[in-house]
Each structure stands twice: as structure tokens, then as C-alpha cells.
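What follows is the residue order along each chain.
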4 protein chains.
Amino acid sequence: MIDRLVSVFLKFPGIGLRQARRFVYHLLLAEPRYIEEFIFLLQNLKKETKQCTRCFRFFEDQSRQSRDESEKPEKNECSLCVKNVNSSILIIVEKDIDLENIQKGNAFHGTYFVLGGLVSSLNKESSARIASLVARLKKDAPTKKLEEVIIALSAHPNGDYTTTYIKNIIAPIAKKHGIKISTLGRGMSTGTELEYSDSETIRQALENRR
Amino acid sequence: MIDRLVSVFLKFPGIGLRQARRFVYHLLLAEPRYIEEFIFLLQNLKKETKQCTRCFRFFEDQSRQSRDESEKPEKNECSLCVKNVNSSILIIVEKDIDLENIQKGNAFHGTYFVLGGLVSSLNKESSARIASLVARLKKDAPTKKLEEVIIALSAHPNGDYTTTYIKNIIAPIAKKHGIKISTLGRGMSTGTELEYSDSETIRQALENRR
Amino acid sequence: MIDRLVSVFLKFPGIGLRQARRFVYHLLLAEPRYIEEFIFLLQNLKKETKQCTRCFRFFEDQSRQSRDESEKPEKNECSLCVKNVNSSILIIVEKDIDLENIQKGNAFHGTYFVLGGLVSSLNKESSARIASLVARLKKDAPTKKLEEVIIALSAHPNGDYTTTYIKNIIAPIAKKHGIKISTLGRGMSTGTELEYSDSETIRQALENRR
Amino acid sequence: MIDRLVSVFLKFPGIGLRQARRFVYHLLLAEPRYIEEFIFLLQNLKKETKQCTRCFRFFEDQSRQSRDESEKPEKNECSLCVKNVNSSILIIVEKDIDLENIQKGNAFHGTYFVLGGLVSSLNKESSARIASLVARLKKDAPTKKLEEVIIALSAHPNGDYTTTYIKNIIAPIAKKHGIKISTLGRGMSTGTELEYSDSETIRQALENRR
């Protein structure tokens, strides 16, 4: 029982054997009410959480909590997608947490698409929703509202490879409908010291000077 | 739902807000079978795990899996306690994980007592099972089998304070029955370099030279 | 003698007491030839190194090694300043090492000014050569060659404060002579992951998207 | 000149290219008086520092500062060796800094021998003064004052190998003169937590319990 629970925790992101065991002892020592709450949440997490059919982020389905379910149709789009349905900018991010992090800064008010993974040159199988992205663009582009797609992936080789991959795939649709494709600005990030910067960051900080 | 699950994970040892959120997304993306296994284990963990009435460590109750429960009486003592019931040495450790770590090295073959916490000079309320320890000793001491109690706590101020606290409390019983009270040897631990050692470690390494 | 040498090393950047002592033992165990070379270099470092009168960086005076010193006038400007005398871009950096790091990447081909320190809102005394910077601009600006000044300081509060301070001081000269004032681009730097980025970096990466 | 000085600093213990360059700029920006002091100390360090003929540690020769050198014979033994000439315990350490660290704690009042390096199973050439150690013991042992030799090396494989190597070499002298050979105590060092201890440390902490 203990070993099986350790195995479950070993699949958690960033958790090794020692911490997995600590988690099990944490649960063994926990109050019954805490365990019950935990079980209840695990049982209901997926039931009450939906994946948005437009942006693919997870969101909590508020309609289920309304008294009269017959009146409110079950929503399949998240509040951000509903609110920004007429936005002219679409931003592509890798993960839900990236989306959350952008939302937190309140610096973007367009609409999102959560890719769900990166594309790799080595591993052809990827969890990236490339087909869904293309479908989304094909549906949104002809409405004339969409003016720009920002590919907002992390600044590492795998992110850069995926950015190029996506650019190539969506270029024809973008060209046909006059949609601009952009990527996040590169340069000095908060805290970067010139003395410790790599050549590529310095080159881009110079090129993107304002 | 998501926020409530984040709150549950925030109580896990060493887990902050960012990692708690990552755990929730890990579960949202997980296979139903994985979630079901997780729920099953949480539901049964406490049922099939007992706390040993002698050493207070958690152990899995094998008897529950036997077909004929009427024959096997429900065991309330762990296999280590049953096996080492006649041991002349008792070792006091703080946590189940400390016990596991000692077992792993196969360097101790006596019997254990898991204290469950440390005593602090500031906080009088402690999860340390001092009363149970005293009861255990009062029961074991008169049998003449027990010859030594090793207090095996971590080498930090809180551990040292608890060691002194326990020593004072068990001294009368130990004296009465001729039981030796000892503590873990101090000195150089694996990898310690003399150049970077503190004065206390050097002093004890010199004192405990062999 | 040993303690005095330890004191000298304690003034080295980033060196504490332990490492200072290790340096002294390193010298005590060193070959005489190594110590002699060290002394020779210390004696001649300043003699054969000049501070450029234009950019204030340190450079080695090659003319001293020429046979006939009467013919070659003693150079007071470094090779970078001589080579880029007609450059239309001037970059302001904090330290010699920042200049070296930019040179290493080969991404900038204009002329430099080494500020020698930052300005702080708390400490009014600063080693920043503000007056020399203004003098340099007053001399260069009327030649019509200078088109842009890049303030290239580190992306931390002290660097940002100094950037604003310099901007305000050089604005009148820049305006009069039609010189553009720019700063390094901000955004994602190499290796930055969106998940771990602060709001300010995300905001700037979005604003400076390309 | 700059590059040659960088090369000198690259031989300092623990110093890489970037820090070596920072050291050079530190010197370029330093006051002339600081450089002069530095040069003076380098010129006189070896003249005024002696290596003790008994323990091989470096010490400052105070006699040179006395007015009448004819009266005081030049001392070739350090103050610790002079003071503890009749000590019954000799401790063998690897480096001067190890000796300093032991002295700092004031826990040892015997006499020292600085080995000057470790012996390695791979590299037969070593800076360890094995022959001098043997000579020292042959000279001290017959006086009947020496009762114990403590081999006090770091608790890593190379230190352990050297300990065994020295034990084998000095065993015959020790046996002949009834001298005990000991090593530093092993066990928990300050701050060690049982949960994170390796099996070897736990084994020794149990074995050396008090």
C-alpha cells in the first residue's frame, strides 16, 4: 500500500524517492478530515473541471453549481475565451501555468491557445496540439478580426525549434488572411547583468534596443 | 476545486504555491486509471496501515490479506518488534524515515522507538511521545533483557535539547534497572574536510578518536 | 607579514577570509619564479597599461615596446577608439568587463564609453564619470557623425536608476544635435522559461515582440 | 601584461578566468599605495616566513625583527613546536589550514606534523612528506615522551587511503616504542540529520556511541 502510493507520487513533476516517502508519512500522520477532503477533490476534479474547446486550458465549470441547470447551457468555453472572443490578438503558450503567469501580470488582453507541449526534432511524437491550432486559426482567420498571432514559448532550444515549426505551418493561413506572426521580444530580462550575459542575449538586446 | 486541491498540496512537506499548482495540472492531465489508483490508495492507506503499539512506526498489516482472518489474530506489533522482542538494545529515533534510513544500512539489529517529534525549549507542546516512551521502558526494563537505550536524534540544537530532555526523564528508570543510556557518536561524517569543519566537530572527533 | 597579505587579498572582489588565507599558502608553496613573475607584473601593470582618454577603458600601451619611441607619439587613445573614431553609435557601459563581454560577441561595432560606476539614489558620491561623459558628448556631437547613444547598463534597479539619470543629463545635448538616446532591449533572455518569468519581463517581452 | 597577470591568478586555488580578469581590473583601479604594499609583501613573504623543521608548517620568523641578532640564534622551529616539545601526542594533518582550524578550536594541545599532501593509489608522486614523518618519529619515539600519534585527515576516500598508508609505514616504529596510533572519531558532525545521513556515517555513529 505504502509502496504503491510512493509509486503514484514518483510520477508527480519533480518528485524523487525521498520526497515521495515523506509525502506518504505526511498522509499517514494527517487528520481523517484532510484525507477525506483530498479524496473528494480527486474524485471531483475532472468532473468539475473542463478543458476549453477554444484555448484548451483547464477551467472550472461554474454552471454545474447553478441551481437550475436546464436554463444555463453547459459551457464548453472558458471565461477568458468568452470575454475576448473578438480580440485581434491570439497568443500561443506551452502550458496552463504559462497562461496563468501571463494573466497574473495583466499585460495581455487578447485570446489564448494552450499548445500542451513542445515539438522536438528528435522525438516526432509530441503532445503539442498542432492540428487543433491549425483548425482554430482556419476558423478564426476568415472573420477578419484576428490580426496577430504571438508565439510565446520559452527561450530555450526546444522552445525555439517549436516556434520555427509553428511559424512554417501557420504561415500560409497567416499570409492568406493578412495576419502578422510575432514572437516574444528578446533581450535583458529583469536582473540580468551585462557582465554575465551570453553573447546571444547581448546581440538581441542591442538589436532590439529602444 | 482547483484552489482547494492546491490548498491540500500546500500542506505537503516542502511544497510551495508554484509546485502545488503544477501537481494539480499533473492530475488534470493524468489518465483516469492513475487517478483511480490514487483515490483507492488514499482510501485504504490508513485501513491497511497500522501504527505499531510498541515502536509506533507505521507498518502494513499483512494479516488483513490472509483468507482466514479468524485464525490469525490481528497483529498490533510490527515485524521488527516481533523479531527483536528479546533485543538488549533499544534505539530512539525521531521519525519513521530515520528508522528506515538506519534499517537500510543494516548496522543496527535491536528494537526501535519512534518518538514522533522533538521537544523544544520554546514550544512546550510537542508531538514527541514522551509518556509512551516512559511506559515502554517501565514495561521492558524489569525483564532484565534491556541493557542499553541509544538516543539517536539529529545533531542540531533541537535534537540535542531533546536528547538532554529524554536523558533526564529516563535516568531514574535506567539507573534502577542498570540500563546504559548512550547517544550517537560525534565526529567526522563521510565527506567532512578538516579545513571546513566547525570547532565543535573537531573537538568531538579528537575526543572520540580511536 | 602573512596577516598583512591576507588583508590585501580581502580587498579583492568576492574574496573572504578563508580564501584569502588559501591564497597566502598558495604563494608560500609557489616556485620563486612564479612569485618573481607576479611581482614583475604588479610593478609594470600600471606603467604599461593606460586608461583611454576617450572611452576610459584600460588598454596596453604597445608604443612602449617599439624601438624608436621618438618617432611614435605616445598614444593616449585605445585601439577601439582609434578604429571606430567615425562611428555613428556610442555605447555607454558600466565596467571594462562589460565592454569585453560585448566585444566577445562581436555584435557591436561602434565606440564605447566606460562609466566606471553607477549612480545611486542613496549615495550621492559615485565613481561614475558623468562629467567626462558630458564632455565627450559635447566634443563628439557637433561633428555630425554621432547619431545614437546606447545606454547599456544592467537590468537591475541601480542600473535602471543610472539609465534615467544619464538620460536626463544628456537629453539637452542629444536634442540639440539630433542624437537618438536608446537603451538595451528587454524581454526573454537566453534560457528564460515563461513559467518562471517575472511580470515585468513578460510585459516587456510582449511589448517588444517582433 | 594584463593577460600574463590573468595567467598568474588562474593558478590561485579556485580561481577561474572571469574572476582572474576581475582581479586584474581591481588592481588597475587600485591606489598606488595598495599595489606598493602588495609588492612589498610578495618580496618579503618568503624571507620572513620560515617552514618549521619539526612540523613543516609556515611561521613568521620573529627573530629577524629583534635588534641584536647575534644574541638570538635564528629559530628554525615554530612557537607551537617549541612550546609543546614535551607533548605526548603528535597529530598529523594534511595542510597548514587544517592545523589553523584545529588551533582555532583550542581542543588540541599536543604537537603537529603537516604532511603537505595526500598519497593517492593512482598517482605515486605525492607532495606528502612521508620520509620526513618517519624521520621525525624515529627521532621522537626513543625519548619515551611520545605516547600517541593521531592521523587527522579528511573523511574522504583519498584521506582514508593516506591514513591506511601512513598506518602501515609507521606501525613498526609505533610497536617498538609502544606508541598508540589513532584516527579522528567518526559519526554525526554538527548539523547532520539522521534522515539525510549515508549508511557509513550511521554505522560509525552507532559503533562510536557514548
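Coordinates for the structure precede this section.
Residues numbered from 1 in each chain as written. Chains lettered and ligands numbered in written order. Predicted model: local features only at pLDDT ≥ 70, side-chain atom pairs only at ≥ 80, totals over all residues. Heavy atoms only, no water.

1. Some thoughts on the interface of chain C and chain A
Across the contact, 48 residues belong to chain C and 48 residues belong to chain A. Taken over both partners, the interface formed by chain C and chain A buries close to 4,000 Å², and the fraction arising from carbon and sulfur atoms is 55%. Broken down residue by residue, the surface that chain C buries against chain A is led by Leu194, Arg209 and Arg210 of chain C, which jointly contribute 18%. Between the two partners, chain C and chain A, sit 4 salt bridges. The salt bridge involving glutamate 148 of chain A is made with arginine 209 of chain C; its shortest N-O contact spans 2.4 Å. Remark: the boundary between chain C and chain A carries 33 residue pairs in polar contact (both at pLDDT 80 or more). Elements with a minimum of two residues in the side of chain C that touches chain A: strand E3 (89-93), helix H5 (96-105), strand E5 (148-151), strand E6 (180-183) and helix H8 (199-207) of chain C. Considering every element that reaches the side of chain C that touches chain A, the biggest residue donor is H8 of chain C, with 8 residues. Partitioning the side of chain C that touches chain A into residue classes produces 19 nonpolar, 16 polar and 13 charged. (Contact = heavy atoms within 4.5 Å. Buried area = accessible area lost by both parts, 1.4 Å probe. Salt bridge = Lys/Arg side-chain N within 4 Å of Asp/Glu carboxyl O. Polar contact = N/O pair within 3.5 Å; in protein donor to acceptor, adjacent residues only side chain to side chain. Helix = DSSP H or I, 4+ residues; strand = E, 2+ residues; numbered from the N terminus. Nonpolar A, V, L, I, M, F, W, Y, C, P; charged D, E, K, R; others polar.)

2. So, the relation of the copies chain B and chain C
For the pair of chain copies, the relating transformation is a rotation about an axis with a translation along it. For these two chains of identical sequence, chain B goes onto chain C by a turn of 180° and a shift of 0.0 Å along the axis, with RMSD 0.0 Å. Put plainly, the chains are arranged around a two-fold axis. Closest approach to the rotation axis within chain B is made by the C-alpha atom of glycine 14 of chain B, at a distance of 16 Å. When the interface residues of chain B are mapped onto chain C, 100% of them are again interface residues, pointing to one common binding face. (Least-squares fit on C-alpha atoms with pLDDT ≥ 70 in both.)

3. Comments concerning the sheet that holds strand E5 (residues 148-151) of chain D
The strands making up a sheet associate through hydrogen bonds between their backbones, and the pairing can be parallel or antiparallel. Residue and element names in this part refer to chain D. Judged by pairing direction, the sheet is parallel, and its 4 strands sit side by side in the order E4-E3-E5-E6 without closing on themselves. The strands lining the two open edges of the sheet, one partner per strand, are strand E4 (111-114) and strand E6 (180-183). Put simply, the sheet's adjacent strands are angled 25° from each other on average, direction ignored. Two strands pair when backbone bridges link them, and E5 and E6 are joined in this way by 4 bridges, in the parallel orientation. Each residue of the ladder has a partner; that of isoleucine 151, found in E6, is threonine 183. On the sheet, helix H5 (residues 96-105) packs against strand E3 (89-93) and E4 and is oriented at approximately 155° with respect to E4. Its contacts with the sheet place helix H6 (residues 130-140) against E3, E4 and E5, and it is angled at close to 155° to E4. (Pairing = 2+ DSSP bridges. Axes fitted to C-alpha atoms, helices over the stretch in contact; angles between N-to-C directions.)

4. Brief notes about the packing of aromatic side chains
A complete count under the given rule lists 36 aromatic pairs over all chains for this structure. Relative to phenylalanine 23 of chain A, the ring of phenylalanine 9 of chain A lies with its centre 5.2 Å away and its plane at 85°, an arrangement referred to as edge-to-face. Of this pair, phenylalanine 9 of chain A sits in helix H1 (residues 2-10) while phenylalanine 23 of chain A is found in helix H2 (residues 17-29), placing the two residues 14 residues apart along the sequence. Measuring from centroid to centroid gives 5.5 Å for phenylalanine 56 of chain C and phenylalanine 113 of chain C, while their planes differ by 70°, and the two rings are edge-to-face. Of the two residues, phenylalanine 56 of chain C is situated in the loop between strand E1 (49-51) and strand E2 (58-60) and phenylalanine 113 of chain C in strand E4 (residues 111-114); the sequence distance between them amounts to 57 residues. Phenylalanine 56 of chain C gets classed as buried once you look at its relative accessible area, which sits at 19%. Each residue in the set Phe9, Phe12, Phe23 and Phe38 of chain A together with Phe9, Phe12, Phe23 and Phe38 of chain B is aromatic and connected to the rest through ring pairs, giving one cluster. (Phe/Tyr/Trp six-rings, centres within 6.5 Å; stacked < 30°, edge-to-face > 60°. Buried < 20%, exposed > 50% of the residue type's maximum accessible area, 1.4 Å probe, protein only.)

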